[in-house]
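The residues making up each chain are set out below.
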Amino acid sequence: MFAAPFHLRGAKDAHEFGYGRDANPTWSALEGALGALEGGTSLVFASGMAALTAVLMTVCKPGDKLVAVHDGYPGVRFVAQERLHGVEVQFVATDTEEICAAVEGARLVWIETPSNPKLDVCDIAAISAAAHAAGALVAVDNTLATPLGQQCLALGADIAMMSGTKTLCGHSDVLLGAVSVRDPELVDALKRWRSQSGSVVGAFEAWLAHRSLATLALRLERSSAGALAVAGALRERGVEVFHPSDHAASSQMRFYGCLVGFVLDSAEHAQAFLQRSELVAEATSFGGVHATAERRDRWGTDDVPPGFIRYSAGIEDPEDLVADLLRAL
Ligand SMILES: Cc1ncc(COP(=O)(O)O)c(C=O)c1O
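Only a predicted model underlies this, so the values are computations on that prediction, with no experimental measurement involved.

Once that is clear, we can look at unusual backbone geometry. The bulk of non-glycine residues show a negative phi, and the bulk of peptide bonds are trans. Note the cis peptide between T113 and P114, where omega equals -10 degrees. Mapped onto the elements of the fold, P114 is located in the loop between β4 (108-112) and α5 (124-133). Residue P117 is reached from N116 by a cis peptide bond, and omega for that bond is 10 degrees. Within the secondary structure, P117 is located in the loop between β4 and α5. With phi around 60 degrees, T146 is a residue other than glycine that occupies positive phi space. Along the chain, the position of T146 falls in helix α6 (residues 146-149). One non-glycine residue, S285, lies in the positive phi region at around 75 degrees. Relative to the assigned elements, S285 resides in the loop between β10 (281-282) and β11 (292-295). Given 14 C-beta atoms within 10 Å, S285 falls into the partly exposed group.

The structure is reproduced here in structure tokens:
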């Protein structure tokens, strides 16, 4: 619903909607659907970055320790290093044992699985058990798998965060983020942060996201099949491939997601591949209905070789994707 202020009646708390920075009926509809998928209460934000910043700023206080993966989406590192004043930050690899070994004394453990861009997978259930025993909360960036691919809260995590900009919305036309939790106090704290920071999503974007949920299962299944087919074809040619299925903990997932990483022998070859491919648009981001890919090292934010390509399968026929891939190679 397009409204900044809503009609007021009676007492202060007599109605759910007063001002559009606090609540909006279109958000509520989307949040209800996301909460049902996640098995918790969901809140939507202006972007994935707004969602992850809300979690970090709400949970971590000066004197706390944050354990966060160093090989995931770089935005977490940037906020942790530049904005969490007085918070000790310990970076770890996306590796179940390494993360479990770091949880002592932590307030929050931030993981991303499968991680980006190397698609390592860690064990959410094992990490949650270890973190809870140490009195820490666990937050999972579930952008790639989405709640249809893995249910983080059911696996034991306290917080599931997502960039809805990717697979959730799926049409490369919306920026949106979501956080899902079970603890009502955390819901209130996150809502207060959202109102105070003003990191709110527009009603139209929320509506587009809600509509996109209708096709999420179809898109996720198809793009997961496409990425797996591309991974197989690359391996047959002896190319070094990164895919979530390489890791035992991926048995916790129903879908692997649309991404596959692979390494060509130089930045020039990777760039030539991107130019030659007819079905793949060169673009950052992932999870859209059309295949996209990027030479990840161009950003200088990740520990990957110059010829590393992050490839996102769309909902094209996997056979067409493989044919296009082999032609471009
Ligand atoms: C895994 C992951 N988390 C979070 C984000 C941030 O999301 P947004 O771009 O919607 O702010 C991204 C964006 O690339 C991402 O890939």
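As a further point, take the nonpolar core. If you look at soluble globular proteins, the nonpolar side chains tend to sit buried side by side. Formed by 100 residues in total, the largest nonpolar core has its most connected members in V109 and V179. In this structure, V109 is in contact with V67, I99, V103, I127, A131, A136 and V138, ignoring residues within four places of it in sequence.

This paragraph deals with the sheet that holds strand β8 (residues 240-242). Taken together, five strands build an open sheet; the order of strands is β8-β9-β12-β11-β10 and the sheet is mixed. Since the sheet does not close on itself, it has two edges, and those belong to β8 and β10, each with one partner. Two strands pair when backbone bridges link them, and β10 and β11 are joined in this way by two bridges, in the parallel orientation. Paired with E282 across the strands is A293, a residue of β11.

Before going further, it helps to examine the pairing of strand β1 (residues 41-45). Summarising burial for β1: five of the five residues are buried, a large majority. Side chains T41, L43 and F45 of β1 all project onto a buried face; the interleaved residues S42 and V44 project onto the opposite face, where all are buried too. Bridge analysis of β1 against strand β7 (residues 177-181) gives five bridges, and the strand direction is antiparallel. By the bridge assignment for β7, F45 is matched with G177.

Take the sheet that holds β7 next. Read from one edge to the other, the open sheet built from seven strands follows the order β1-β7-β6-β5-β4-β2-β3, with strand pairing classed as mixed. Across the chains shown, the open sheet's two edge strands, defined by having one partner strand only, are β1 and β3 (88-92). Averaged over all pairs of adjacent strands, the angle between their axes in this sheet comes to 20 degrees, without regard to strand direction. On top of the sheet, helix α2 (residues 48-59) reaches β1, β4, β5 (137-141), β6 (159-163) and β7; it is set at about 40 degrees to β7, its chief contact.

Take the site of the ligand next. Lining the immediate environment of the ligand, one finds 15 residues, of which S47, G48, M49, S163 and T165 sit closest. No other element matches α2, which puts three residues into the shell around the ligand. Per-class residue counts for the shell around the ligand are four nonpolar, nine polar and two charged.

When the domains of the chain are assigned, the result is domain 1 (25-215) and domain 2 (216-328). Centre-to-centre separation of domain 1 and domain 2, based on C-alpha positions: 24 Å. Contact with domain 1, which involves 30 residues of that partner, is made by 30 residues of domain 2. Elements represented by at least two residues in the side of domain 1 that touches domain 2 include exactly α5 and α6.

A few words on helix α1 (residues 25-38). For α1, spanning 14 residues, the distance from its first C-alpha to its last is 20 Å, which sits close to the expected 20 Å at 1.5 Å a residue. Turning to α1, its buried residues are T26, W27, L30, E31, L34, G35 and E38. Mapping the buried residues of α1 onto a view down its axis gives an arc of 160 degrees, with all of them on the same face. Turned more than 90 degrees away from the buried face of α1 sit G32 and A36, all of them exposed.

Another aspect to go through is helix α7 (residues 184-197). Residues that lie three or four places apart on an α-helix share one face, since the helix turns once every 3.6 residues. End to end, α7 covers 20 Å across 14 residues, agreeing with the expected 20 Å (1.5 Å per residue, within 8%). Listed as buried for α7 are L186, L190, W193 and R194. Taken down its axis, α7 places every buried residue within 100 degrees of arc, on the same side. Residues of α7 that are exposed and point more than 90 degrees away from the buried face comprise P184, E185, D188 and Q196. Packing partners of the buried residues in α7 comprise β1, α2 and β7. Of the residues trailing α7, G198 is marked for its positive phi of about 70 degrees.

Moving on: the environment of F308. Along the chain, F308 falls in strand β12 (residues 308-312). Once you skip the residues sitting within four places of it in the chain, F308 turns out to touch G261, V263, R296 and D297.

Conventions adopted
Residues numbered from 1 in each chain as written. Predicted model: local features only at pLDDT ≥ 70, side-chain atom pairs only at ≥ 80, totals over all residues. Helix = DSSP H or I, 4+ residues; strand = E, 2+ residues; numbered from the N terminus. Buried ≥ 20, exposed ≤ 12 C-beta atoms within 10 Å, placed from the backbone. Core = buried A, V, L, I, M, F, W, Y, C linked by C-beta atoms within 7 Å. Contact = placed C-beta atoms within 7 Å. Pairing = 2+ DSSP bridges. Axes fitted to C-alpha atoms, helices over the stretch in contact; angles between N-to-C directions. Near = placed C-beta within 6 Å. Nonpolar A, V, L, I, M, F, W, Y, C, P; charged D, E, K, R; others polar. Domains from an automatic or database assignment. Expected span 1.5 Å × (residues − 1). Arc of directions from axis to C-beta.

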